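Overview (structure and organization)
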Amino acid sequence: MRKLLLSNDDGVHAPGLKALYEALSVHARLRVVAPDRDKSGASNSLTLSRPLSLAALDNGFYSVDGTPADCVYLGVNGVWDEKPDLVISGINHGGNLGDDVLYSGTVAAAMEGRNLGMAAIAVSLVGSRHFDTAGRVAASLVGAADTLSLPPRSLLNVNVPDLPWEEIRGFRVTRMGYRGPAQRPLEVKDPRGRTRYWIAPAGESADEGSDTDFAAIEAGYVSITPLQTDLTRHAAIGDVRGWLDALSGQA
Ligand code: MN
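Not measured: the values here are computed from a predicted model.

A look at the packing of aromatic side chains
This model, assessed by the stated rule, comprises one aromatic pair. Both rings, one in Tyr 21 and one in Phe 61, keep their centres 5.1 Å apart while their planes meet at 50°; by these two values the pair is tilted. Of the two residues, Tyr 21 is situated in helix H1 (residues 15-24) and Phe 61 in the loop between strand S3 (54-56) and strand S4 (62-64); the sequence distance between them amounts to 40 residues. The partly exposed category is assigned to Tyr 21, whose relative accessible area is 28%. Here Arg 172 stacks its cationic end above the ring of Tyr 221, 4.2 Å away from the centre of that ring.

Have a look at this one:
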C-alpha cells in the first residue's frame, strides 16, 4: 500500500486536513504532520532560530510548532523511517491561484516534499464549503498518480471550485495567472492606542487569459498547474546579457 505524508498550512486542527485524511485513508497508509496553528502565508520558511517540538495527538496526527516546510521535513526525516511515496498538502481553506503560490504555505509543504525527492501535490479549495469535493479530487489524483510522469523537480498545484461534486465540469491543465497589487493595509488601534496594520487581501486577478488557473476556476473546472521552482525568467536572459555587453562596451 502506498505511503502518503499529509500536511497543510491552516494547522493540524483545520477541517480541510481532516477532509483530506478521510478522502485518502482508504487508498493509502497516511501520516499527518502539520503546524500546531494557522501558518497560512508562511511560504517556504524554515524555523532555524530554535529547536522544533513534535507532538503526537490523540487522533494519530502529529503537530509541530513550526512552519509547513518544517513539518514535511520532520515528517520525512523524523516521523517515518521509510520515505513516503507522495506528499499531499491541503486541503487549503481558500484558493492558491496565480501569485498566491509565492506566499502559500500549502504549496510550500508540497514543494518541500519535492525538494526532498518525492512526488508532491498541493490541493486548495477556492472557498470554504465543499471540502468533500476537494477530497474526491485529491483521491482521484492520488489513485492515478502512478501513471503520471513529470519532468524532474516538478509538483502539481491543484485548485478546486467550491461546488458540489456533481457540478464540477472537469479538469483543466492551466498556467499560473497574475494578480494585481494587494490592497492597502487596514489600520487599527491596539488596546493601548498604538497603531497596528492588518495586511489586506491579495489583489484581484489581473490576467484574463483563458488558460490560467483563475479562468478554470471561474468556469467550474478543477485547475491543475504543474509548477517548477526555477524562477529564472529565461526570456529575459538575452535582454540582460545585451545590457551587460553594452555596459562593458562603455567601460
Ligand atoms: Mn492556508
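Next comes the rest of the description.
So, the packing of helix H2 (residues 68-79) against helix H4 (residues 105-115)
To describe two helices that pack against each other, one gives the angle between their axes and the distance between the axes. Look at H2 against H4: their axes get within 8 Å of each other, and the N-to-C directions meet at 30°. With respect to their mutual orientation, H2 and H4 come out roughly parallel. Viewed along their axes, H2 and H4 form a crossing whose handedness is right-handed. Within the contact between the two elements, H2 uses Pro 68, Ala 69, Val 72 and Tyr 73 and H4 uses Gly 105, Ala 109, Glu 112 and Gly 113.

What to know about the nonpolar core
Core analysis: the biggest nonpolar cluster contains 31 residues, and Leu 4, Leu 6, Leu 24, Ile 88, Val 123, Val 158 and Val 160 have the highest contact counts within it. Elements supplying a minimum of two residues to this core: strand S1 (3-7), H1, strand S2 (29-35), strand S5 (86-93), strand S6 (119-126), helix H5 (131-144), strand S7 (154-161) and strand S11 (221-228). Of all the elements, H5 adds the most residues to this core, at seven residues. Apart from the residues within four sequence positions on either side, Leu 4 is in contact with Leu 24, Ala 28, Arg 29, Leu 30, Arg 31, Trp 80, Pro 84, Leu 86, Ile 88 and Val 142. Of all hydrophobic cores here, the second largest spans 20 residues; its members include Val 33, Val 64, Val 107 and Leu 227.

Things to note about the side chain of Asp 99
Turning to its location among the elements, Asp 99 is positioned in the loop between S5 and helix H3 (100-103). Buried within the structure, Asp 99 lacks any salt-bridge partner; its nearest side chain of opposite charge belongs to Arg 179, at an N-O separation of 5.9 Å. Side-chain polar atoms of Asp 99 contact the backbone nitrogen of Arg 179, separated by 2.6 Å. Non-local contacts of Asp 99, meaning those with residues more than four positions away in its chain, are made with Met 176, Gly 177, Tyr 178 and Arg 179.

Concerning the coordination of the manganese ion
Within the protein, Asp 9 (OD), Asp 10 (OD), Ser 40 (OG) and Asn 92 (OD1) serve as the donor atoms for the manganese ion, at 2.1 to 2.3 Å. Here the donor residues of the manganese ion are spaced in sequence according to D-D-x29-S-x51-N. Pair noted here: Asp 9 is in the loop between S1 and H1 and Asn 92 is in strand S5, with a separation of 83 residues, a long-range link. Each of the two residues, Asp 9 as well as Asn 92, counts as buried.

Rules used in this analysis
- Residues numbered from 1 in each chain as written.
- Predicted model: local features only at pLDDT ≥ 70, side-chain atom pairs only at ≥ 80, totals over all residues.
- Heavy atoms only, no water.
- Phe/Tyr/Trp six-rings, centres within 6.5 Å; stacked < 30°, edge-to-face > 60°.
- Helix = DSSP H or I, 4+ residues; strand = E, 2+ residues; numbered from the N terminus.
- Buried < 20%, exposed > 50% of the residue type's maximum accessible area, 1.4 Å probe, protein only.
- Lys NZ or Arg CZ within 6 Å of the ring centre and 35° of its normal.
- Axes fitted to C-alpha atoms, helices over the stretch in contact; angles between N-to-C directions.
- Parallel < 35°, antiparallel > 145°, perpendicular 65-115°, else oblique.
- Left-handed = near helix turned anticlockwise from the far one by under 90°.
- Contact = heavy atoms within 4.5 Å.
- Core = buried A, V, L, I, M, F, W, Y, C linked by side-chain atoms within 4.5 Å.
- Lys, Arg positive; Asp, Glu negative; His and termini not counted.
- Salt bridge = Lys/Arg side-chain N within 4 Å of Asp/Glu carboxyl O.
- Polar contact = N/O pair within 3.5 Å; in protein donor to acceptor, adjacent residues only side chain to side chain.
- Donors = N, O, S within 2.8 Å, 3.2 Å for Na, K, Ca; no water.

Interpretation in functional terms is not warranted from these geometric data alone.
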